[in-house]
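# Tertiary structure, described
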Amino acid sequence: MAKELFQPLSGNAMPRFGGPATFMRLPALGIDAGLDVAFVGVPFDIGTSNRTGARLAPRQIRDESRMLRPYNMATRAAPFDSLRVADAGDVAINTFNLLKSIDIIERHYDALLATGAVPLSMGGDHTIVLPILRALKRRHGPVGVVHVDAHADVNDEMFGEKITHGTPFRRAVEEGLLDPKRVVQIGLRGTGYAADDFDWPRNQGFRVVQAEECWYKSLAPLMVEVRKQLGAGPVYISFDIDGIDPAFAPGTGTVEVGGLTVPQGLEIIRGCRGLDIIGGDLVEVSPPYDTTGNTALLGATLLYEMLCVLPGVKQR
Ligand code: MN
Ligand code: MN
């Protein structure tokens with residue numbers, strides 16, 4: 001029996017401002033619905049070091065995603081023509097307890113991955129990538145990562161704590177969740193605690209592309225090199241919205257000026273086409289700092305672009 005495919009609810013069937021606010025107005029289904037791709041919200045922000053608010057992002061991203069239509073007019077990708085995609089709801093984190101929440105997220109993704117679905121996650125702060133990577137390791141082994149961020153997120157600890165939004169990629173290396181030679185970090189910038197802060201990931205084998213190397217140019221040539229670096233194995237995309245310049249994405253908690261442009265963000269994700277993408281996230285949108293919703297719309301769009309480069313997506 002052919003699998004049932006879902007199209008986003010059309011703006012000609014229900015006004016875009018009407019109906020339930022699911023991601024792209026897709027059906028709301030459980031994680032056991034036999035999905036090829038599951039959009040998942042993780043309303044968690046108790047790992048933030050500066051401004052909070054990312055707990056509210058899944059709802060705002062869903063709301064702003066109402067404007068997204070099914071076909072990608074730049075790449076001609078038609079993700080809903082071949083993949084069974086739905087909104088699989090939120091993870092019921094315990095907002096009073098960070099460590100318990102990390103365990104809850106890890107178990108939720110274990111259950112989701114057991115169905116064969118590819119998770120595309122709406123954070124939440126960047127802490128959530130650690131339990132997601134733990135679950136992915138069990139299913140796929142160590143993964144390559146395309147990590148877009150203003151920050152390396154490789155602190156050993158913050159205020160004495162080992163698990164925060166500034167530490168997940170240090171923990172991921174220590175726990176063997178990554179294939180370090182197949183990790184690239186793009187957009188890093190700003191001030192540091194030590195001048196060699198970005199050398200730690202380099203010493204693990206990561207490629208680090210600081211924001212200054214990206215200024216004034218297309219990132220399409222970089223992505224040719226990234227595809228060569230990451231090769232044939234499994235790849236996860238982790239996109240911290242603060243990688244984009246705050247002029248375009250002010251709704252976030254840990255702001256750094258001099259960041260990537262929106263077209264560069266699109267080039268990075270579109271440049272992942274051909275890689276074996278096994279999941280992705282869009283983290284650190286903080287709705288209280290952008291009540292226009294534009295940061296959340298950008299986040300929703302970047303998640304849609306991740307959907308468009310998944311294996312099995314056909315181009316019309
Ligand atoms: Mn981050
Ligand atoms: Mn960041």
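## Considerations on the overall build of the chain
Counting its secondary structure elements, the chain contains eight helices and eight strands. Taking 2.2 N^0.38 as the reference for a compact globule, 316 residues should give roughly 20 Å; the C-alpha atoms of the chain span a radius of gyration of 18 Å, in line with that estimate. Summarising its shape, the C-alpha atoms of the chain cover approximately 55 × 45 × 40 Å along the three principal directions. Buried positions account for 57% of the 316 residues belonging to the chain. Counting only contacts in the chain whose residues sit at least 6 apart along the sequence, the fraction spanning at least 24 positions is 78%. Summed over all atoms, the accessible surface of the chain reaches about 12900 Å², with 55% contributed by carbon and sulfur.

## Some details on the coordination of the manganese ion (ligand 2)
In ideal tetrahedral geometry, four donors around a metal make angles of 109.5 degrees, whereas ideal octahedral geometry with six donors gives angles of 90 or 180 degrees. Every protein donor of the manganese ion (ligand 2) is accounted for by Asp149 (OD), His151 (ND1), Asp240 (OD), Asp242 (OD) and Asp242 (OD), and the metal-donor separations fall at 2.1 to 2.5 Å. One chain supplies every donor for the manganese ion (ligand 2), spaced along it as D-x1-H-x88-D-x1-D. In this structure, the manganese ion (ligand 2) lies 3.3 Å away from the manganese ion (ligand 1), the two metals sharing Asp149 as a donor. Across the pair, His151 and Asp149 agree in class, each one buried.

## Comments concerning helix H1 (residues 57–64)
In terms of burial, H1 is a largely internal element, six of the eight residues being buried. All of the buried residues along H1 are Ala57, Pro58, Gln60, Ile61, Arg62 and Glu64. Elements that come into contact with the buried residues of H1 comprise strand E1 (37–42), strand E2 (85–90), strand E3 (118–123), strand E8 (276–283) and helix H8 (294–308).

## Description of the coordination of the manganese ion (ligand 1)
Listed as protein donors to the manganese ion (ligand 1) are His126 (ND1), Asp149 (OD), Asp153 (OD) and Asp240 (OD); their distances from the metal cover 2.1 to 2.2 Å. Taken in chain order, the donor set of the manganese ion (ligand 1) reads H-x22-D-x3-D-x86-D.

## Digging into the layout of surface pockets
Considered as a void within the structure, the largest pocket measures approximately 760 Å³ in volume. In this structure, the largest pocket is lined by 34 residues; those nearest its centre are His151, Asn155, Thr191, Tyr193 and Asp197. Among the elements that make up the lining of the largest pocket, the one with the highest residue count is helix H5 (residues 199–204) (three residues). Its residues placed into classes, the lining of the largest pocket shows ten nonpolar, twelve polar and twelve charged. Estimated volume of the second largest pocket: approximately 210 Å³. Lining the second largest pocket are 13 residues, and of these Leu68, Arg69, Tyr71, Met73 and Tyr304 lie nearest its centre.

## Points about the side chain of Asp242
Assignment of secondary structure puts Asp242 in the loop between strand E7 (234–240) and helix H7 (262–270). Of the side chains with opposite charge, Arg189 lies nearest to the buried Asp242, which makes no salt bridge, at 5.5 Å. Separated by 3.0 Å, the side chain of Asp242 and the backbone nitrogen of Ala150 make a polar contact. If near-sequence neighbours (up to four positions away) are discounted, Asp242 is found in contact with Asp149, Ala150, His151, Arg189, Thr252 and Thr254.

## So, the side chain of Thr254
Mapped onto the fold, Thr254 is located in the loop between E7 and H7. For Thr254, the residues in contact, after removing those within four places along its chain, are Asn50, His151, His165 and Asp242.

## Regarding the pairing of E8
Burial analysis of E8 places seven of its eight residues in the buried class, which makes it a mostly covered element. Two elements, E3 and E8, share three bridges in a ladder whose sense is parallel. Bridging across to E8, Leu120 finds its partner in Gly280. Since E7 and E8 lie parallel, the crossover through H7 that links them has a hand, and here it is right-handed.

What counts and how
Along each chain, residue indices are assigned from 1 in the same order as the chain's sequence is written. Ligands are numbered from 1 and chains lettered from A, in the order in which they are written. Where totals are concerned, whole chains, interfaces and linings use all residues; where local detail is concerned, this predicted model gives features only for residues with pLDDT of at least 70, and gives and counts side-chain atom pairs only at 80 or more. Hydrogen atoms and water are omitted, and side-chain values are computed over all heavy atoms in the structure. Helix and strand assignments come from DSSP, with helices taken as H or I runs of at least 4 residues and strands as E runs of at least 2, each series counted from the N terminus. In this treatment the radius of gyration is a C-alpha quantity, and the globule benchmark scales as 2.2 Å times the residue count to the 0.38 power. Exposure is judged per residue with a 1.4 Å probe applied to protein chains only, and the accessible area is read against the type maximum: over 50% gives exposed, under 20% gives buried, and values in between give partly exposed. Residues are treated as being in contact if the distance between any of their heavy atoms lies within 4.5 Å. Shrake-Rupley sampling with a 1.4 Å probe provides the accessible areas, and residues are treated as covered by the protein chains on show and by no other component. Sodium, potassium and calcium take a 3.2 Å donor cutoff, other metals 2.8 Å, and in both cases only N, O and S atoms count; water is not among them, so sites may look incomplete. Site definitions follow a grid-based scheme: protein atoms alone, a 1 Å grid, a 1.4 Å probe that fits but cannot get out for cavities, and for pockets an open set with protein on both sides within 12 Å along at least five of seven lines, plus lining residues having an atom within 4 Å of a point. Grid points are joined across faces, edges and corners, and a volume is the space filled by probe spheres set on the points. Basically, the charged four are Asp, Glu, Lys and Arg, the nonpolar ten are Ala, Val, Leu, Ile, Met, Phe, Trp, Tyr, Cys and Pro, and anything else, Gly included, counts as polar. Asp and Glu are treated as the negative residues and Lys and Arg as the positive ones, with His and the ends of the chain left uncounted. Only one rule defines a salt bridge in this text: a Lys or Arg side-chain nitrogen within 4 Å of an Asp or Glu carboxyl oxygen. Whenever a nitrogen or oxygen atom comes within 3.5 Å of another N or O atom, the pair is scored as a polar contact, on the condition that within protein one atom can donate a hydrogen and the other can accept it, and that pairs from neighbouring residues in sequence are kept only if both atoms are in side chains. Two strands are said to pair when DSSP picks up at least two bridges between them. Handedness of a crossover is defined as follows: with both strands directed away from the viewer, a clockwise route from the first strand across the helix to the second makes it right-handed.

Just distances and angles here, no functional claims.
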